[in-house]
Amino acid sequence: MPTVSMTVNGKKVSGEVEGRILLVQFLRENLRLTGTHVGCDTSQCGACVVHVNGDSMKSCTLLAVQAEGAEVTTIEGLADGDTLHPMQEAFRDNHGLQCGFCTPGMVMSAVDLVKKNPKASEHEIREWLEGNICRCTGYHNIVKSIQQAQQTM
Amino acid sequence: MPEGGTGIGAAVKRVEDKRFLTGRGNYTDDINRPNQTYAYILRSSHAHATLNSVDTGAATSAPGVLAVFTGADMETGGLPCGWQVHSKDGSPMHEPPHPPLAKGKVRHVGDPVAVVIAETYAQAKDAAELIAVDYGELPAVVHMNDALAGKSLVHDEIGTNLCYDWEIGDEAQIDEAFAKAHHVTEIDIVNNRLIPNAMEPRAAVGEYDRSTDEYTLFTTSQNPHVIRLLMGAFVLSIPEHKLRVVAPDVGGGFGSKIYHYAEEAIVTWAAPRVGRPIKWTCDRSDAFISDAHGRDHISKAKMAMDSEGKFLALKVETKANMGAYLSTFAPCVPTYLYATLLAGVYSTPLIYCNVKAIFTNTVPVDAYRGAGRPEATYLLERLVAKCAREMGMSQTDIRRANFIPADAFPYQTPVALQYDSGNYTATLDKAESVHDVAGFEARRKESEARGKRRGIGYSTYLEACGIAPSAVVGSLGARAGLYESAEVRVHPTGSVTVFTGSHSHGQGHETTFAQLVCERLGLPMSNIEISHGDTNKVQFGMGTYGSRSLAVGGEAIMKAMDKVVNKAKKIAAHILEASESDIEFKDGTFTVAGTDRSMAFGEVALAAYVPHNFPHDELEPGLDEKAFYDPLNFTFPGGCHICEVEVDPDTGVVSVQRMTAVDDVGRVINPMIVEGQIHGGLAQGIGQALLEGCVYDADGQLVTGSYMDYCMPRADNFPSFSAGTEITLCAHNSLGVKGCGEVGAIGSPPAVINAVVDALWDLGVHDMPMPASPQTVWKALKAASPAVAAE
Ligand code: FES
Ligand code: FES
């Protein structure tokens, strides 16, 4: 079995994985970082979004071995110790989550949006979230959360 | 109220959010037991076939495989149904067996055929491909009319596909009223089949401890005690005290995680046979063909009116798809949660409804957010909109003319329910003003100038929730009671753990229920913990569905807190050397009336556990009280939803421009959470109206079997919503609460479709099926006026 090494949330990690193992499986099963979720098997829901070398990416669309040498940040690595990231804070302030299942992917995706397009309009925010499905919130409060984070990030 | 407002009515930020936002939630698939194995379920690829043979030989000897089981191995009970409905001739519904692993025949695509248990999930899945199943294909019945015509029998032994033929009301009397009517409006309605799609796929981990003979099941359930009861008593014969069911964090349910599913029984049953814990996690593709679906009604309805547009009588005939087997709640959805709601907010004096429940070769259908009530609301509000057009009345005039007046409560409907409170004129007035209906004409003209059609649609609806009084549901065929239980355990230092039988899977109970404790016991949020979801911790529970958590579960907590206060007063009286009747309790302090002698809640708690001088024959140590609460009636939330859409006549694309919901959900404990619940419901309702629809082909293959084919609502399908409340209190519970979980999904679909019809009326489009996808709308335009679409 191939060995894969990468940096996850600032720590060097490596593991033996079957070639077909996806990055999300490596994170959840090898590293037990279960904050990254799996909501589909067709790469559409976005529950699995993490940052790979600074860009948001669906970790189910990547083989673990493709992330060789990469810098990966998962939801577990976003807060600064006990201090929540402004995006996490914004989701809490605006009730941007209910069951919490889509939330890690939603937050990671939103952080990338605000970095890339800090002045995104409501319309652009909604379009950006096209790859993240939430069944609980109706998106209204997710959009509000991101708008708050545009001010605080 | 402590901490600057954390009691009833405060928009307290959620207690549960921190763990979810930092990736520390604990969902079933996040649980990993030592030495665990993995299960993969092989499912039928045919909608209807005999199982001539299932050869598991090659799979059994594949790498990593520990065991393979089929229906022939699993000699257990079948999955039970929780409700019994009787046909109009008095005979009980047909209730065919539902084995966890198919025996002899498969009845829908996705019916479980075998389970492979292996060291890794990939090995289990690989090995399943080596199972050779010899299917004897049979013709499938997919459409309800074909099923009724008996083109093929889903269950040969019952000799029919008709599960029951039920009615409510007096048909002869109704027909007489129709004969005398000034005008009759008729409508054909299809309530499209939906796939619930909670974002967390179902999962289950089963384990068995040989030393204690105890089983544990971790599962994605809305009601772990109900699963323990159904699986333990009916399927696996495991007594309750040897079976622990844990539903940890659950990623959304919307009804689909109420039911007892085959996979729960399979992993629990197989765990001792493999001698190791077994984890099963559903792939999304398998979820599409194994989670219970929702809705799927075909109806004909007609309304008799007098010359003023007053409703005289309503007659409805409905066919309801049950799918291939009866899921846990299925039979009650199109009867007691549907036909009893057909009065809606109107004083229609006579109502008759006939419901035929039908087996087909499709996934079982059961309650999905709203369950029965959205189907009733959609039918009624589409019909009322059509009545208005045919009578030449405005959409609001016809409603106002028929509303049950605000001073008529309690109001007995002709279909069994007695409404306790409501003010339908007030919710309509408020919704019209919030929506700025007055500005609609100007907006319509502005759209027209851009070549778009703009329409407005109303829905004034009512629902019954907080299910439910045990005596009532018992008389209707429920095989369980529908109370809720709570335990309020005060610890020696005065902090409190509340054990509730309700289950939170997004609703925020850890916050809302804690607010009840803040309010009643005067404690800060940080001293309160809400515990739910584990049958070894929580005494009992009926779980969360039907917007019942606060109206039933919350009331149980209130009742247990009353007992705590009563006991604490006795303790305070003893220590303060006063008579119990002189002790007053306010803001967390017990005071002897008219004196400055007092004890803080925490001091009383400590005294309860350090009872050095208690008169033990009169006063027991400890401060820990339980209560079971059985409601007196359903609660009746209602409201008015107004939708404004813009339709592009060239492409058929419908875009929701404004969505206003003014709902009467009773007293609001946490307005932030209530608004969030309404938003989520609206998204599912608009999703049903415009995007979502489950499609089977003629052979029973699911065409919409993934997120590539089943259109889940995305952020860019919606505008921001205007959600508000206009409250009347529930008259029969102490909190005055009604429920808010389902209102959004119940009220909104007819508002959306009425708006689409309004937008296209002048182009000759007078009806519109759900989902009103661009293709459907474009086709309707083309049919109405070939020249328009051909341009
Ligand atoms: S798991 Fe759904 S997109 Fe990755
Ligand atoms: S919060 Fe439940 S899916 Fe988004």
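Residues numbered from 1 in each chain as written. Chains lettered and ligands numbered in written order. Predicted model: local features only at pLDDT ≥ 70, side-chain atom pairs only at ≥ 80, totals over all residues. Heavy atoms only, no water.

Once that is clear, we can look at the overall build of chain B. Helices and strands together make up the secondary structure of chain B, namely 20 helices and 28 strands. Against the compact-globule benchmark of 28 Å for 791 residues, chain B has a radius of gyration of 28 Å, which places it among compact chains. Counting only C-alpha atoms and orienting by the principal axes, one finds that chain B spans roughly 90 × 75 × 50 Å. Within the span of chain B, comprising 791 residues, buried residues form 64% of the whole. (Helix = DSSP H or I, 4+ residues; strand = E, 2+ residues; numbered from the N terminus. Rg over C-alpha atoms; globule rule 2.2 N^0.38 Å. Buried < 20%, exposed > 50% of the residue type's maximum accessible area, 1.4 Å probe, protein only.)

Time to look at the state of the cysteines. Applying the stated criterion across every chain, the model contains zero disulfides over all chains. Here Cys-387 of chain B is not disulfide-linked; the sulfur of Cys-353 of chain B is the nearest cysteine sulfur, at 16 Å. (Disulfide = S-S within 2.5 Å.)

Another aspect to go through is the pattern of salt bridges. Residues and elements named next belong to chain B. Throughout the structure, instances matching the rule amount to 55 salt bridges over all chains. With its nearest N and O atoms 2.9 Å apart, the salt bridge here joins Glu-119 to Arg-276. With a gap of 157 residues between them, Glu-119 in the loop between strand E5 (112–118) and helix H3 (121–128) and Arg-276 in the loop between helix H7 (262–274) and strand E12 (278–281) connect regions that are remote in the sequence. Classification of Glu-119 as partly exposed rests on a relative accessible area of 34%. On the accessibility criterion, Arg-276 (15% relative accessible area) is buried. Connected via shared salt-bridge partners are Asp-436, Arg-443, Glu-446, Arg-450, Arg-454, Glu-644 and Glu-646. (Salt bridge = Lys/Arg side-chain N within 4 Å of Asp/Glu carboxyl O.)

To continue, consider a nonpolar patch on the surface. On the surface, Leu-606, Tyr-609 and Val-610 of chain B cluster together to form a nonpolar patch covering roughly 240 Å² of accessible area. Positionally, Val-610 of chain B belongs in the loop between helix H16 (601–609) and strand E25 (624–629). (Patch = residues over 30% accessible without salt bridge, like charges linked within 9 Å, V, L, I, M, F, W, Y side chains within 5 Å. Areas by Shrake-Rupley, 256 points an atom, 1.4 Å probe, with all protein chains shown as cover.)

With that settled, consider a negative patch on the surface. Taken together, Glu-124, Glu-127 and Glu-130 of chain A together with Asp-716 of chain B make up a surface patch of like negative charges. Looking at where Glu-130 of chain A falls in the secondary structure, it is placed in the loop between helix H4 (122–128) and helix H5 (140–152). (Lys, Arg positive; Asp, Glu negative; His and termini not counted. Charge placed at Lys NZ, Arg CZ, Asp CG, Glu CD.)

Turning to the UniProt feature "domain: Aldehyde oxidase/xanthine dehydrogenase a/b hammerhead" (unreviewed entry) in chain B, a few remarks are in order. The UniProt entry lists residues 22–139 of chain B under the feature "domain: Aldehyde oxidase/xanthine dehydrogenase a/b hammerhead" (unreviewed entry), expressed in the numbering used here. Summarising residues 22–139 of chain B: 10% helix, 30% strand, and an end-to-end C-alpha distance of 51 Å. (UniProt positions renumbered as here; feature names shortened; annotations may be inferred.)

In many reports, interface size means the accessible area that the parts give up when they come together. Taken together, the contacts link 54 residues of chain B with 45 residues of chain A. Buried surface at the junction of chain B and chain A, both sides included, amounts to about 4,300 Å², of which 54% is carbon and sulfur. In terms of surface lost to chain A, no three residues of chain B exceed Leu-21, Met-199 and Ala-715 of chain B, which account for 17% of the buried area on that side. Taken together, chain B and chain A are joined by four salt bridges. Across the pair Arg-135 of chain A and Glu-692 of chain B runs a salt bridge, and its minimum N-O distance is 2.8 Å. The interface formed by chain B and chain A includes 26 residue pairs in polar contact (both at pLDDT 80 or more). Elements with a contribution of two residues or more to the side of chain B that touches chain A: helix H1 (17–21), H3, helix H8 (284–288) and helix H17 (671–690) of chain B. No other element matches H17 of chain B, which puts eight residues into the side of chain B that touches chain A. Tallied by class, the residues present in the side of chain B that touches chain A amount to 24 nonpolar, 16 polar and 14 charged. (Contact = heavy atoms within 4.5 Å. Buried area = accessible area lost by both parts, 1.4 Å probe. Polar contact = N/O pair within 3.5 Å; in protein donor to acceptor, adjacent residues only side chain to side chain. Nonpolar A, V, L, I, M, F, W, Y, C, P; charged D, E, K, R; others polar.)

All names here are of chain A. By the element assignment, Glu-18 lies in the loop between strand E2 (11–16) and helix H1 (23–30). When its relative accessible area of 29% is taken as the criterion, Glu-18 is described as partly exposed. Taking the C-alpha atoms as reference points, Glu-18 and Val-65, 47 residues apart in sequence, are found 8.9 Å from one another. Within the structure, Glu-18 has its side chain in polar contact with the side chain of Arg-20 (distance 3.0 Å).

A few words now on the pairing of strand E2 (residues 49–55) of chain B. Bridge analysis of E2 of chain B against strand E4 (residues 105–106) of chain B gives two bridges, and the strand direction is antiparallel. Bridge pairing links Ala-49 of chain B to Val-106 of chain B in E4 of chain B. (Pairing = 2+ DSSP bridges.)

Moving on, we come to the pairing of strand E21 (residues 528–532) of chain B. Residues and elements named next belong to chain B. Within E21, four of the five residues are buried, which leaves the element mostly enclosed by the surrounding structure. Relative to E21, strand E20 (residues 496–500) is paired through five bridges, and the arrangement is parallel. Among the inter-strand pairings, Thr-497 is bridged to a residue of E21, identified as Glu-529. Remark: the E20/helix H14 (residues 509–521)/E21 crossover connection has right-handed handedness. (Right-handed = clockwise from strand over helix to strand, strands pointing away.)

Moving on: unusual backbone geometry. Cis rather than trans, the peptide bond between Phe-409 of chain B and Pro-410 of chain B has omega equal to 0°. Checked against the element boundaries, Pro-410 of chain B lands in the loop between helix H10 (395–402) and strand E16 (411–412). Cis geometry is found at the peptide bond from Met-770 of chain B to Pro-771 of chain B, where omega equals -10°. The residue Pro-771 of chain B is located in the loop between helix H18 (743–760) and helix H19 (774–784) in this model. A positive phi angle is found at Asn-9 of chain A, which is not glycine, with a value near 50°. Although it is not a glycine, Glu-577 of chain B adopts a positive phi angle of roughly 55°.

On average, residues of chain B score 95 in pLDDT, and 99% of them are at 70 or above. Listed scores for the predicted complex are pTM 0.96 and ipTM 0.98. (pLDDT = per-residue confidence, 0-100.)

Residue and element names in this part refer to chain B. The end-to-end C-alpha separation of helix H6 (residues 224–236) is 16 Å, well short of the 18 Å expected for 13 residues at 1.5 Å each. Most of H6 sits inside the fold, with 10 of its 13 residues counted as buried. Burial in H6 covers these residues: Pro-224, His-225, Val-226, Ile-227, Arg-228, Leu-230, Met-231, Gly-232, Val-235 and Leu-236. Backbone geometry just downstream of H6 places Ser-237 in the positive-phi region, at approximately 50°. (Expected span 1.5 Å × (residues − 1).)

Before going further, it helps to examine the environment of Phe-409 of chain B. Looking at where Phe-409 of chain B falls in the secondary structure, it is placed in the loop between H10 and E16. The contact partners of Phe-409 of chain B, leaving out residues within four places of it in the chain, are Ile-404, Tyr-419, Asp-420, Ser-421, Gly-422 and Tyr-424 of chain B.

Residue and element names in this part refer to chain B. Following the sequence through the fold, Asn-192 ends up in the loop between strand E8 (183–191) and strand E9 (203–209). Polar contacts involving the side chain of Asn-192 include one to the side chain of Gln-688, which spans 2.8 Å. Engagement of the side chain of Asn-192 in a polar contact is seen with the backbone oxygen of Glu-692, the distance being 2.9 Å. In contact with Asn-192, not counting residues within four places along its chain, are Gly-294, Arg-295, Asp-296, Gln-688, Glu-692, Gly-693, Met-770 and Pro-771.

Quick look at the side chain of Asp-283 of chain B now. Tracing the backbone through its elements, the reader meets Asp-283 of chain B in the loop between E12 and H8. A distance of 3.1 Å separates a polar atom in the side chain of Asp-283 of chain B from a polar atom in the side chain of Tyr-121 of chain B. Beyond its immediate stretch of four places on either side in the chain, Asp-283 of chain B contacts Asp-41 of chain A together with Tyr-40, Tyr-121 and Lys-125 of chain B.

To continue, consider H10 of chain B. Residue and element names in this part refer to chain B. For H10, the set of buried residues is Gln-395, Thr-396, Ile-398, Arg-399 and Asn-402. Buried residues of H10, seen end-on, are gathered within an arc of 165° and therefore sit on one face of the element. On the buried face of H10, the contacting elements are strand E13 (297–305), strand E14 (311–323), helix H9 (373–391), helix H11 (424–435), strand E18 (453–462) and H18. (Arc of directions from axis to C-beta.)

Right, let's get into the sheet that holds strand E26 (residues 638–647) of chain B. Residue and element names in this part refer to chain B. Spatial strand order, E18-E26-E27-E28: four strands in an open sheet with mixed pairing. Edge strands, defined here as strands with exactly one partner in the open sheet, are E18 and strand E28 (722–725). Across this sheet, the average inter-strand angle for adjacent strands is 10°, counted without regard to direction. Those strands touched by H17 are E26, strand E27 (654–664) and E28, and its axis lies near 135° from that of E27. Together, E18, E26 and E27 form the strand contacts of H18, whose direction differs from that of E18 by roughly 145°. (Axes fitted to C-alpha atoms, helices over the stretch in contact; angles between N-to-C directions.)

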